[in-house]
Amino acid sequence: MRYFLFLIATALLISCGDKKQQVPLDFKSFEDRFILEFWKQNPGWASYVGFHEYDSLLTAPTEENRLAEVAFCNAYLDSLKLFDESKLSKTELTDLMMIRDQLQSTIWYAEVFKGHEWDPSSYNVGGAFGIMINGNYAPLDERLRAMSSKMEKLDAYYAAAKANIKNPTVQHTDLAIMQNGGALEVFGASLIDSVDASGLDHSEKENILINIEFAKMAIQDYIDFLEKEIKPTLDKNARDFRIGKELFEQKFKHEIVSSYSAEEIFGKAVAAKSELHGKMFGITQELWPTYFPKERMPADTLKAVRKMIDLLSLQHCHRDSFQSTIEAQIPELTAFVKNKDLLYLDPEKPLVVRKEPAYMAGVAGASISAPGPYDKYGDTYYNVGSLANYTDPEAESYLREYNKYILQILNIHEAIPGHYAQLVYANQAPSLVKSIFGNGAMIEGWAVYTERMMLEEGYGNNSQEMWLMYFKWNLRTVCNTILDYSIHVNGMTEQQALDLMVNQAFQQEAEAKGKWRRATLSQVQLCSYFTGFYEIMQLRDELKAQKGEGFNLKAFHEEFLSFGSAPVKYVRELMLESSDQRIAKSE
Ligand code: ZN
Ligand code: ZN
């Protein structure tokens, strides 16, 4: 408790005194100090982003600590009022707005959303300990000492968790049981082996081994509590995993930070879906005689589109050349962006394609690994999953999904000019605040936007096949939003959700089932892709209208990315304002 009081005291110092006349800090120093104190409040999050000073801490989720957290946020919200926003640079101003959003949303989660009461899976220490075991940021002995001290706090942590839980959902209770079971494995044989192999002295080793046993008991006790005391009480009257309209709207506001409400975005997604269906059917009609010269087109338009997609999906690379195919595409994408003058790409920062490292293995696919904000010299990798463990039918199904067309769109999204290019720009305007609190809807929206933009500029030679597959890919993004909103607000059932994904969005059954599960356990996040995409497209239209002949696509992209990962809504305000006038408030 003492360090919380200390934090509040220092925060108050900033906001007390002779207001306006005497801001004791410039904004940059204020931010540095805020972030350090924020990490003390959130040691798990800190380890996750690579800040390891507070690894040995673990905040028990008690009522007392929640109140202290809210007080911390309120104190900092007061401090933010001391800065004259008209005197801040654009980077600083967007940072300020993002800190304010973060503080307000923390208060909202604690006081209104109250996941700490109904989501037992919010209590899980597996990830935090996993980072400490696998990380090489510090010598093993040092990491083990920090872990040991963290383990001593597990009893209090889980005791507080148990006290918090009131009428949880069945789904989040099951998830908690499963994930905490996974956390137990973190304390298994390989940890004990590394204690043996460490340079710690005999008594330190003994002490850690005892703490490991106590840690396992604390986790097992929590699992037993959920299984034996909570599960039997969960019947038909248990809390619905659907959060309902009011909470969904509010969570959308805090998490997405959009100019629109969730309901408005849902309406736009529904309209986009029927527009995409229309375009896809148009292309199918055009291509039909070429691909099915002897067959009549099904009367059901969705079935006709599906047939065309299934046929085109047969064009895919061999399982052994999956990585080399991706590797070969990166320079092609780079050359296209350069020749069409779409965005400056720093030649000093080429993207390295690599086979997915072992600790990420298990899921084929592709992802970008970027160094955390505290690892300035780390490399950025494009991880490509191995298909080695797939049976032939599994590999075939996967390769059809990531066929010749979709694989190119995936590379645009993940790499160039999608996530990877955005990241290079974000690093040029370094802001710890933006890399820590980076807006997911902006980041995903940019990647989704680049898919459309590249095709509009003629990538794929404007072939109808490429457009059809792109529309299918885009339809998934659109349906993620429809699904999320419909399930949580409109009571959509699993059957209706599967019908939407499989019959109306041409997805595979297995993928659709996984998405249903994800949508029952999360809320709002699935809306981020379409919302960001929609707002970027709209901002581009607005600027085109405003600038007329003077509009330049490359300049638009570069200015847009220059703000770092700030919400599109804020970037929009800053890009639309005239150069000498600055918006004063975010809302
Ligand atoms: Zn095949
Ligand atoms: Zn993405």
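## Comments concerning the overall build of the protein chain
So, step 1. On a plain count of helices and strands, the protein chain comes out with 27 helices and three strands.
So, step 2. Relative to the compact-globule value of 25 Å for 587 residues, the protein chain shows a C-alpha radius of gyration of 26 Å, a close match.
So, step 3. When the backbone C-alpha atoms are referred to their principal axes, the protein chain occupies close to 80 × 60 × 50 Å.
So, step 4. Within the protein chain, buried positions represent 52% of all 587 residues.

## A word on the nonpolar core
So, step 1. Core analysis: the largest hydrophobic core is formed by 145 residues, its most contacted members being F322, Y382 and F560.
So, step 2. The leading source of residues in this core is helix α22 (residues 464–490), at 15 residues.
So, step 3. Each of domain 1 (25–113) and domain 3 (251–534) accounts for three or more of the residues forming this core.
So, step 4. Apart from residues lying up to four places away in sequence, F322 is in contact with C317, V384, G385, L387, Y398, L399, Y402 and L407.
So, step 5. Counting 34 residues, the second largest nonpolar core, distinct from the first, contains L184, L191, A218 and Y222.

## Regarding the environment of A370
So, step 1. Within the fold, A370 resides in the loop between β2 (366–369) and β3 (381–384).
So, step 2. In sequence terms A370 and Y381 are 11 residues apart; their C-alpha atoms lie 6.6 Å from each other.
So, step 3. Residues in contact with A370, not counting those within four places in the same chain, are T380 and L423.

## Points about the sheet that holds β2
So, step 1. As summarised here, the arrangement of the three strands in space is β1-β3-β2, forming an open sheet in which the pairing is mixed. Sheet topology places β1 (352–355) and β2 at the edges, where each strand pairs with a single neighbour. Recorded for the sheet is a direction-independent mean angle of 30° between the axes of neighbouring strands.
So, step 2. Pairing of β1 with β3, which is carried by four bridges, proceeds in the parallel orientation.

## Looking at empty space enclosed by the protein
So, step 1. One pass over the full model with this rule turns up one cavity of 30 Å³ or more.
So, step 2. In this model, the largest cavity occupies a volume close to 40 Å³.
So, step 3. Lining the largest cavity we find E401, I406, K472, W473, R476, A505, Q507 and E511.
So, step 4. Within the lining of the largest cavity, the residues separate by chemical class into three nonpolar, one polar and four charged.

## Quick notes on the coordination of the zinc ion (ligand 1)
So, step 1. For the zinc ion (ligand 1), the protein coordination sphere consists of H316 (NE2), E396 (OE) and E396 (OE), at 2.0 to 2.6 Å. With H316 in the loop between α15 (301–312) and α16 (322–339) and E396 in helix α17 (residues 392–401), this pair connects stretches of sequence that are 80 residues apart.

## Concerning the environment of D541
So, step 1. Residue position: D541 is located in helix α25 (residues 528–547).
So, step 2. Residue classification places D541 among the partly exposed residues on the basis of a relative accessible area of 47%.
So, step 3. For the pair formed by D541 and C73, sequence separation is 468 residues and the distance between their alpha carbons is 37 Å.

## Re unusual backbone geometry
So, step 1. Of the consecutive residues I416 and P417, the connecting peptide bond is found in the cis state with omega at 0°.
So, step 2. Backbone geometry at D341 places phi at a positive 55°, although glycine is not the residue there.
So, step 3. Mapped onto the fold, D341 is located in the loop between α16 and β1.
So, step 4. Taking the relative accessible area as the measure of exposure, D341 reaches 46% and is therefore partly exposed.

## With respect to the coordination of the zinc ion (ligand 2)
So, step 1. On the protein side, the zinc ion (ligand 2) has H413 (NE2), H419 (NE2), E444 (OE) and E444 (OE) as donor atoms, found 2.1 to 2.8 Å from it.
So, step 2. For the zinc ion (ligand 2), the four donor atoms in the first shell make angles of 51 to 153° at the metal, a pattern classed as irregular.
So, step 3. Read N to C, the donor residues that coordinate the zinc ion (ligand 2) are spaced as H-x5-H-x24-E. Of the two residues, H413 sits in helix α18 (residues 404–414) while E444 sits in helix α21 (residues 440–456), which places them 31 residues apart along the sequence.

## Looking at the domain arrangement of the protein chain
A common way to state how big an interface is: give the accessible area lost once the parts meet.
So, step 1. Partitioning the protein chain into domains gives domain 1 (25–113), domain 2 (121–237) and domain 3 (251–534).
So, step 2. Each of domain 2 and domain 3 has a C-alpha centre, and the two are 35 Å apart.
So, step 3. Residue-level contacts link four residues of domain 2 with four residues of domain 3.
So, step 4. A buried area of about 310 Å², summed over both sides, lies between domain 2 and domain 3, and 63% of it is on carbon and sulfur atoms.
So, step 5. When residues of domain 2 are sorted by the area they lose upon contact with domain 3, Q171, H172 and L175 head the list and together hold 89% of the total.
So, step 6. Put simply, domain 2 and domain 3 have zero salt bridges between them.
So, step 7. On inspection of domain 2 and its partner domain 3, the count reaches one residue pair in polar contact (both at pLDDT 80 or more).
So, step 8. For the side of domain 2 that touches domain 3, the class distribution of residues is two nonpolar, two polar and no charged.

## Structural notes on the packing of helix α4 (residues 63–80) against helix α5 (residues 90–113)
So, step 1. Running from N to C, α4 and α5 cross one another at 155°; their axes reach a closest spacing of 9 Å. One way to sum up the angle between α4 and α5 is to call them roughly antiparallel. The hand of the α4/α5 crossing is left-handed. Between α4, through R66, E69, V70, F72, C73, N74, Y76, L77 and L80, and α5, the contact on the second element is made entirely by L96, I99, R100, L103, Q104, T106, I107, A110 and E111.
So, step 2. The residue inventory of the contact of α4 with α5, partitioned by class, reads 11 nonpolar, three polar and four charged.

Definitions and limits used
- Numbering of residues begins from 1 in every chain and follows the order in which that chain's sequence is written.
- The lettering of chains begins at A and the numbering of ligands begins at 1, in the order of writing.
- Thresholds applied to this predicted model are a pLDDT of at least 70 for local features of residues and 80 or more for the giving and counting of side-chain atom pairs; totals over whole chains, interfaces and linings are not thresholded and use all residues.
- The basis for the side-chain values is all heavy atoms of the structure; hydrogens and waters are excluded.
- Numbering of helices and strands runs from the N terminus, with a helix taken as a DSSP run of H or I at least four residues long and a strand as a DSSP run of E at least two residues long.
- The globule rule is 2.2 Å times the number of residues to the power 0.38, and the radius of gyration it is compared with is taken over C-alpha atoms.
- Each residue is assigned to one of three classes by its accessible area relative to the maximum for its type, calculated with a 1.4 Å probe on protein chains only: buried under 20%, partly exposed between the two thresholds, exposed over 50%.
- The nonpolar core is taken to be a set of buried Ala, Val, Leu, Ile, Met, Phe, Trp, Tyr and Cys residues, with the residues joined through side-chain atoms within 4.5 Å.
- Reported domain spans reflect what an automatic or database domain assignment gives.
- By definition, residues are in contact when any of their heavy atoms lie within 4.5 Å.
- In short, DSSP must find at least two bridges between two strands for them to pair.
- Between N-to-C directions, angles cover 0 to 180 degrees, with each direction set by a line fitted to C-alpha atoms, over the stretch in contact for helices.
- Two kinds of site are reported from a 1 Å grid over the protein atoms alone, namely cavities, where a 1.4 Å probe fits but cannot get out, and pockets, open sets with protein on both sides within 12 Å along at least five of seven lines, and residues are called lining when an atom falls within 4 Å of a point.
- Grid points are joined across faces, edges and corners, and a volume is the space filled by probe spheres set on the points.
- Gly falls in the polar group here, along with every residue not listed as nonpolar (Ala, Val, Leu, Ile, Met, Phe, Trp, Tyr, Cys, Pro) or charged (Asp, Glu, Lys, Arg).
- We call an atom a donor if it is N, O or S and sits within 2.8 Å of the metal, or 3.2 Å for Na, K and Ca. Water is not counted, so some sites may look partial.
- Tetrahedral means four donors with every angle between 85 and 135 degrees, whereas square planar (four donors) and octahedral (six donors) require angles over 155 degrees between opposite donors and between 65 and 115 for all others; sites fitting neither are termed irregular.
- The quantity reported as buried area is the accessible area (1.4 Å probe) lost by two parts once they are put together, taken as the sum for both.
- For this analysis, a salt bridge means a side-chain nitrogen from Lys or Arg found within 4 Å of a carboxyl oxygen belonging to Asp or Glu.
- Polar contacts, as counted here, are pairs of nitrogen or oxygen atoms within 3.5 Å of one another; within protein the pair requires one atom able to donate a hydrogen and one able to accept it, and residues that are adjacent in sequence qualify only if both atoms are side-chain atoms.
- Any angle between 65 and 115 degrees counts as roughly perpendicular, while under 35 counts as roughly parallel, over 145 as roughly antiparallel, and the rest as oblique.
- Take the far helix as the reference: if the near one is turned anticlockwise from it by less than a right angle, the crossing is left-handed, and if turned clockwise, right-handed.

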